[in-house]
Amino acid sequence: MTDWLFLIPGFPLLGALINALFGERLGPRRCGRLAAAMPLLSSLVVLAIWLGPGAEPALLDRLWTWMAVGDFRVDLTLRVDDVSLVMISIASFVGFLIHLFSQQYLRGDYGERRYYFYLNLFVAGMLILTMANNLLLLYLGWETVGLCSYALISHWYREPENAWAGRKAFVVTRIGDTTLLLGIFLLFAQYHTLSISTLLPLVTAHPAPALLLAASILILIGAYAKSAQFPFHIWLPDSMAGPSTVSALIHAATMVTAGVYLCIRLLGLFAAVPGMLEAIAVLGAWTAFFAASCGLAQVDVKRVLAYSTISQLGYMFMGVGIGAPSLGLFHLLVHGCFKALLFMASGAIILIYADDHDIRHMGGLKYRQPFLRWTFLAGVFALAAVPLISAAFYSKDAIINASFLVAGGGVPYALGLSGAVLTAGYAFRLYFLVFEGKPSELEVPYQMGWGMKIPLALLAAASIGIGWLQFPPGWPGPHLWVHWLAPELGLPPRPIGLEGGLLTLVGALATFLGIALGYWAARRERAGRGLSRWRFLASGWWIDGTILRLFPAPFYALGRFLRSGVENLGVQGLAQGGLRDGLRLSAYALARGENGLASRYAVSMIAGLLLLLLLIWSWPL
Amino acid sequence: MIVSLLVLLPWGIALWLSLAQRSAGALTIAGALAEILLCIPLLAGDPSAVAAIHLPLLGALWQLQANPLADLFALTTALLLPVALAVQWHHDEYLHLARILAVLQGALMGTYFANNFLGFYIFYEIVALAAAWLILRSGKKDRRAALTFLLYTVTASLFLLLAVLPIYLNRGNNTGIYDFSWIQLSGSDLSGQIQLLLFLGMLAGLGVKLPLFPLHGWARGAYVQSAPAAALFLSGATVLAGVYGLVHWAVPLLPRGALLFSPAGIILAAIGTLYGAFLALSTSELRETVAYSSVSHMNLVALGIFALQEQAWSGALFLSIAHAVLAAGLFTVLAVLEARGLGSNWEGLGGLFRRMPRFGAWTLLFFLMALGLPGLGNFPGEFLTLLGSFRVLPLWAGIATLGMIVNLVVFLRAYERSMLGQINPRLPAQIADLAQREWWIFLLLGAASLYLGLGSQTLLSDFAQLLPVHSPLLIGGAHGH
């Protein structure tokens with residue numbers, strides 16, 4: 001029996017609870033240590049699954065019935081199969097590393113205890129989301145991480161902009177959450193179940209085309225909003241207002257990948273709708289390209305990484321869409337490692353530059369901070385997918401190459417490949433600006449303790465080496481990943497022979513072209529003529545501003561109209577006035593005195609009742 | 001016997017308080033706790049019943065009987081009173097408020113347990129009277145708000161009474177027995193059209209209490225002008241009388257009318273849900289936000305009832321109980337602000353979290369509950385209501401679902417403006433964070449919210465057994481599955 005699975009989300013949940021109830025007595029330091037211990041314990045349980053039973057067949061742990069009414073039933077059942085095993089490994093282990101890193105990074109912050117409460121709650125929510133076997137339980141995790149994302153983005157709440165950024169993130173994702181909920185309603189109305197493992201065979205056996213089309217679009221919007229895909233990406237760059245560790249955990253490694261995970265989980269649903277997967281592939285590739293182009297023009301170190309995350313998530317969606325979900329999941333893992341690394345390192349960089357985020361003010365950091373430089377470079381290599389020695393070469397390039405083989409894959413391939421050039425471009429532009437060149441005088445001395453170094457070192461190692469789990473077909477070396485996942489996700493299309501070699505070569509050339517682009521962009525930026533002066537790119541193709549100008553205003557206007565036009569004039573004014581005029585005499589009488597009011601009302605009520613009784617008793621029966 | 005005690009005990013206390021005219025905090029609390037204890041044997045399934053004051057052609061006027069829904073609502077009401085008392089504890093007007101609340105509580109118990117329609121009606125009127133009295137004598141003592149409330153309810157209940165008369169006569173003509181008891185009134189053979197007309201009449205009377213859009217004109221004044229403890233009880237418990245009237249009287253008495261009205265009702269309630277949410281959006285006054293979001297939630301309850309569908313009904317009843325907890329939490333938040341003389345318009349607040357971190361944390365919890373975060377008490381009710389009604393009228397249930405987005409904006413914005421950001425320079429330099437008493441109120445309500453949110457099945461399984469009692473309609477088909 002596997003009735004210990006609840007421990008995995010249980011530990012961080014317990015940590016959050018202890019923190020909430022007794023944290024004030026414990027003090028922030030002990031809260032921090034306690035909080036860090038919890039995801040460590042979870043990851044030990046996850047490790048036990050890897051070493052022990054494995055997740056084939058899927059492990060189940062039924063906790064209790066959440067709701068059951070008539071034919072509707074939701075049990076809190078945790079389920080771990082190979083796909084969710086990958087996800088919970090990332091959530092618990094990367095989660096632990098980030099907790100560890102935070103110990104020094106956030107020491108003495110004004111909201112330390114609150115920070116650890118939400119961080120623990122977040123890990124618990126993410127684990128519930130990934131372990132849920134039921135769409136509604138998944139939704140519980142989905143909203144919990146949304147809340148934690150809100151609270152942590154707004155962590156430094158004393159600046160109004162930060163509080164606003166948190167709200168923006170929650171509102172945009174809530175729009176997606178609501179459509180997801182509507183999708184759930186549709187699926188339930190048709191198939192009478194929300195259990196994923198029961199639902200998918202039913203969908204395949206009894207497809208209802210129109211309904212499935214509507215449901216999958218609604219669910220996809222939910223996934224896009226959560227995973228910051230075009231045009232719902234607008235919340236992610238602003239979410240950088242939170243601490244960098246939060247960006248590392250929530251806006252890189254875990255929460256934003258939930259949409260990709262949902263798509264992988266519900267692949268059977270999307271596959272049942274003709275054309276849906278193709279659309280996902282094209283939209284994913286488009287987001288990958290679009291966001292990479294924006295990344296080239298950002299001057300805030302974290303905004304570069306934010307656009308990068310949007311873009312990389314696009315590649316994952318593209319992988320799912322072209323029928324290579326196992327490669328999408330692989331890239332999710334790889335990206336989780338190197339982007340968490342880059343975000344945490346950027347947190348350290350920002351501290352070193354005394355809270356200045358602007359990369360144009362930085363430079364030459366490699367002299368004073370060699371450790372930071374090498375680990376950051378490992379992350380940049382992985383982001384740019386430098387051939388052979390970076391993990392993304394084996395995951396991202398594999399997705400791009402696979403798309404070449406798929407029917408209708410031309411557009412995704414072209415977008416994906418040009419996106420790859422831009423990716424290497426912004427990655428190295430960032431690296432050159434921060435670490436190379438003359439040292440900036442804004443730099444302050446900063447000593448990273450082992451608590452910060454260990455997570456960076458481990459993640460740097462993973463950014464280089466984790467790709468070696470899965471070499472391209474035909475190459476010597478391990479081919480563990482796709483075959484391991486094949487029973488659940490099938491084998492992805494992968495080019496072999498001469499075609500494979502050529503595609504790999506083209507991918508490698510794209511990276512080198514991008515590095516040259518990055519070098520050029522960094523030099524121009526130094527000279528003050530950089531791409532950041534190009535407003536179109538720097539503002540993200542003006543999309544954020546356009547959406548903010550177009551959409552919220554009508555809603556507030558409607559609210560104001562309903563208030564002044566309908567409520568004040570209509571309901572409060574007319575109805576009330578009319579009512580009062582109609583009853584003017586009695587109202588006048590009633591209003592004469594407070595005691596009079598009660599007694600007169602009572603008298604009139606009794607009189608009315610007596611009249612009624614008289615009527616009944618005298619009725620000719 | 002117990003059911004009579006449930007009504008008479010609070011009334012006895014109110015009477016004693018009126019006669020003794022001295023401070024008796026211990027007595028009021030003891031009475032409130034005794035009331036809770038009295039509810040417990042009922043939950044164990046005691047079919048307690050009494051019948052007294054037999055009148056010719058009317059039946060026994062004092063005819064009280066326990067039933068599962070009434071038991072749950074009675075327990076909710078009983079639990080809410082100590083909260084209201086605790087919120088008001090240090091207030092000068094404590095004694096006065098406790099007295100009116102006791103009258104109100106006894107009358108509410110009467111409406112839940114009344115088995116004779118005239119008895120129900122009289123209790124229902126006493127509720128209205130006591131509620132108006134409460135608005136008149138607490139908080140800003142706004143006579144206008146009290147009067148508005150009274151006029152709304154008096155006019156409305158007239159419709160209620162007139163709508164039941166034809167049913168009474170029809171049953172009497174058919175059976176030869178003239179009696180206002182529930183069992184006698186149910187099962188009339190009136191045609192669908194007439195039932196629809198009568199249902200609208202009953203709805204006018206009962207919907208005002210919810211308040212159902214567009215009968216909510218009294219809500220703003222009542223919730224904003226009265227003391228927070230009073231508003232807490234009004235919006236938490238008094239609205240239950242309206243819900244109960246719909247579920248226990250209107251629908252079972254006029255099943256065909258209810259079925260005919262169902263689509264229109266769903267549309268009306270969906271509009272009301274969004275309307276309340278949008279009005280909550282367009283104010284900077286936290287009290288109005290709370291008032292209108294309560295209107296929005298209660299319209300969602302009405303939506304679930306009108307859908308006449310199993311999941312929607314369970315959801316609506318669940319939501320009405322969760323709403324009591326939510327109202328308690330939100331009005332306690334307002335009471336804390338008022339006790340510190342801070343006012344509740346966010347123009348005068350801002351950055352409060354820094355001065356009152358504990359208060360800020362609890363406020364967020366109840367705001368999150370209000371915006372329907374899963375894991376907290378409101379979500380199961382909202383979800384089941386929308387899921388069930390979606391199976392009946394997808395478009396309008398879907399539109400009502402969009403209210404969840406508006407609700408999120410409403411409460412996050414209110415939180416941001418009042419709690420986060422820079423400290424408003426107009427705030428006093430020293431503000432005390434939560435006192436022990438306030439902290440405990442929040443803790444208990446928060447625990448209740450989590451329990452409802454995650455252990456929802458304990459309550460839902462109770463509904464499963466009461467559904468066939470109250471609505472054979474749902475079991476016989478209608479919008480069943």
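Residues numbered from 1 in each chain as written. Chains lettered and ligands numbered in written order. Predicted model: local features only at pLDDT ≥ 70, side-chain atom pairs only at ≥ 80, totals over all residues.

Chemist: Any details on the overall build of chain A? Residues and values, ideally.
Modeler: When its secondary structure is counted, chain A shows 26 helices and two strands. When its C-alpha atoms are laid out on the principal axes, chain A stretches across 105 × 60 × 50 Å. Residues classed as buried in chain A amount to 56% of the 621 residues present. (Helix = DSSP H or I, 4+ residues; strand = E, 2+ residues; numbered from the N terminus. Buried ≥ 20, exposed ≤ 12 C-beta atoms within 10 Å, placed from the backbone.)

Chemist: Please set out the overall build of chain B residue by residue, giving values where relevant.
Modeler: When you go through chain B residue by residue, the secondary structure sums to 21 helices and two strands. Overall, chain B is about 75 × 55 × 40 Å in size when its C-alpha atoms are taken along their principal axes. Burial analysis of chain B (481 residues in total) assigns 65% to the buried set. The contacts of chain B with a sequence gap of at least 6 include a subset with a gap of at least 24, amounting to 81%. (Contact = placed C-beta atoms within 7 Å.)

Chemist: Let's hear about the interface of chain B and chain A: which residues, and what values?
Modeler: Chain B puts 54 residues into the contact, and the matching count from chain A is 55 residues. Here the residues of the side of chain B that touches chain A are counted per class, giving 31 nonpolar, 16 polar and seven charged. (Nonpolar A, V, L, I, M, F, W, Y, C, P; charged D, E, K, R; others polar.)

Chemist: Mind laying out the pairing of strand S2 (residues 72–80) of chain A, listing which residues take part and the relevant values?
Modeler: Residues and elements named next belong to chain A. Of all nine residues making up S2, seven are buried, and the element is well covered by its neighbours. Here strand S1 (residues 59–69) pairs with S2 via eight bridges, running antiparallel. Across the sheet, Arg62 pairs through a bridge with Thr77, a residue of S2. Where S1 hands over to S2, the hairpin turn is made up of two residues, of which Gly70 adopts a positive phi near 60°. (Pairing = 2+ DSSP bridges.)

Chemist: Can you tell me about the packing of helix H12 (residues 286–306) of chain B against helix H13 (residues 310–339) of chain B, naming the residues and giving the values?
Modeler: Residues and elements named next belong to chain B. Following both chains from N to C, one finds H12 and H13 inclined at 170°, their axes separated by 8 Å at the closest point. Here H13 runs roughly antiparallel to H12, going by the angle between their axes. Facing H12, whose interface residues are Leu286, Arg287, Val290, Ser294, His297, Met298, Leu300, Val301, Gly304 and Ile305, H13 presents Ala312, Trp313, Gly315, Ala316, Leu319, Ser320, His323, Ala327, Leu330, Phe331 and Leu334. (Axes fitted to C-alpha atoms, helices over the stretch in contact; angles between N-to-C directions. Parallel < 35°, antiparallel > 145°, perpendicular 65-115°, else oblique.)

Chemist: How would you sum up the pairing of strand S1 (residues 49–55) of chain B? Please name residues and give values.
Modeler: All names here are of chain B. Across six bridges, the pairing between S1 and strand S2 (residues 59–65) is antiparallel. Across the sheet, residue His54 finds its bridge partner in S2, namely Ala60. Connecting the antiparallel pair S1 and S2 is a turn made up of three residues, with Leu57 showing a positive phi of about 70°.

Chemist: Go over the environment of Ser102 of chain A with me, naming the residues and quoting the values.
Modeler: Structurally, Ser102 of chain A can be placed in helix H2 (residues 82–105). For the pair Ser102 of chain A and Gly477 of chain A, spaced 375 residues apart in the sequence, the C-alpha separation amounts to 37 Å.

Chemist: Which residues make up helix H10 (residues 258–265) of chain A, and what values go with them?
Modeler: The α-helix advances 3.6 residues per turn, and as a result positions three or four apart in sequence lie on the same side. Of all eight residues in H10 of chain A, eight are buried; the element is thus mostly enclosed. Regarding H10 of chain A, the residues found buried are Ala258, Gly259, Val260, Tyr261, Leu262, Cys263, Ile264 and Arg265 of chain A.

Chemist: So, the environment of Arg174 of chain A: which residues are in play, and what are the values?
Modeler: One can find Arg174 of chain A in helix H5 (residues 160–191). Accessibility expressed as a C-beta count within 10 Å gives 25 for Arg174 of chain A, which makes it buried. In this structure, the C-alpha to C-alpha distance between Arg174 of chain A and Trp235 of chain A, residues 61 residues apart in sequence, is 11 Å. Leaving out residues up to four positions away in the same chain, Arg174 of chain A has contacts with Ile405 and Leu408 of chain B.

Chemist: Report on the environment of Phe117 of chain A, specifying residues and quantitative values.
Modeler: Its location among the elements puts Phe117 of chain A in helix H3 (residues 112–131). With residues up to four places along the chain from it excluded, the contact list for Phe117 of chain A reads Ala16, Asn19, Ala20 and Gly23 of chain A.

Chemist: Residues and numbers for the nonpolar core, please.
Modeler: Within the largest apolar cluster, 425 residues are counted, with the highest numbers of intra-cluster contacts made by Cys263 and Ala340 of chain A together with Leu104, Val127, Ala130, Met202 and Ala250 of chain B. Apart from residues lying up to four places away in sequence, Cys263 of chain A is in contact with Ala223, Phe270, Ile280, Phe317 and Val320 of chain A. (Core = buried A, V, L, I, M, F, W, Y, C linked by C-beta atoms within 7 Å.)

Chemist: So what's going on with unusual backbone geometry? Which residues, and what values?
Modeler: The amide bond that connects Glu56 of chain A to the next residue, Pro57 of chain A, takes the cis arrangement and shows omega of -5°. Considering the arrangement of structural elements, one finds Pro57 of chain A in the loop between helix H1 (7–51) and S1. That bond from Leu210 of chain B to Pro211 of chain B is cis: its omega, 0°, falls within 30 degrees of zero. Examined against the element boundaries, Pro211 of chain B turns out to sit in the loop between helix H8 (192–207) and helix H9 (219–225). One non-glycine residue, Trp542 of chain A, adopts positive backbone phi at about 60°. If you trace the backbone, Trp542 of chain A turns up in the loop between helix H22 (535–538) and helix H23 (543–550). Taking the C-beta count within 10 Å as the criterion, Trp542 of chain A has 13 such neighbours and is therefore assigned partly exposed. For Leu308 of chain B, which is not a glycine, the phi torsion comes out positive at approximately 50°. With respect to the element layout, Leu308 of chain B can be found in the loop between H12 and H13. A residue is classified by how many C-beta atoms lie within 10 Å of it, and Leu308 of chain B, with 26 of them, is buried.

Chemist: Break down the packing of H2 of chain A against helix H19 (residues 450–465) of chain A for me, with residues and values.
Modeler: Residue and element names in this part refer to chain A. At a closest axis distance of 7 Å, the pairing of H2 and H19 adopts a crossing angle of 145°. For H2 against H19, the interelement crossing comes out left-handed. When H2 is examined against H19, the residues Leu97, Ile98, Leu100, Phe101, Gln103, Gln104 and Tyr105 are found in contact with a partner set consisting of Gly451, Met452, Ile454, Pro455, Leu458 and Leu459. (Left-handed = near helix turned anticlockwise from the far one by under 90°.)

Chemist: Describe the confidence of the model for chain B, naming the residues involved and giving the relevant values.
Modeler: Averaged over all residues, the pLDDT of chain B equals 89, while 96% of them reach at least 70. For this predicted complex, the interface confidence comes out at an ipTM of 0.93, alongside a pTM of 0.93. (pLDDT = per-residue confidence, 0-100.)

Chemist: Explain helix H21 (residues 497–526) of chain A to me, using residue names and the numbers behind them.
Modeler: Residue and element names in this part refer to chain A. Given a rise of 1.5 Å per residue, 30 residues ought to cover 44 Å, and the 44 Å separating the end C-alpha atoms of H21 matches this to within 8%. Listed in full, the buried residues belonging to H21 are Leu503, Gly507, Ala510, Thr511, Gly514, Ile515, Gly518, Ala521, Ala522 and Glu525. Taken together, the buried residues of H21 touch helix H16 (370–384), helix H17 (391–405) and helix H18 (410–435). The first or second residue beyond H21 is Gly528, which carries a positive phi of 80°. (Expected span 1.5 Å × (residues − 1).)

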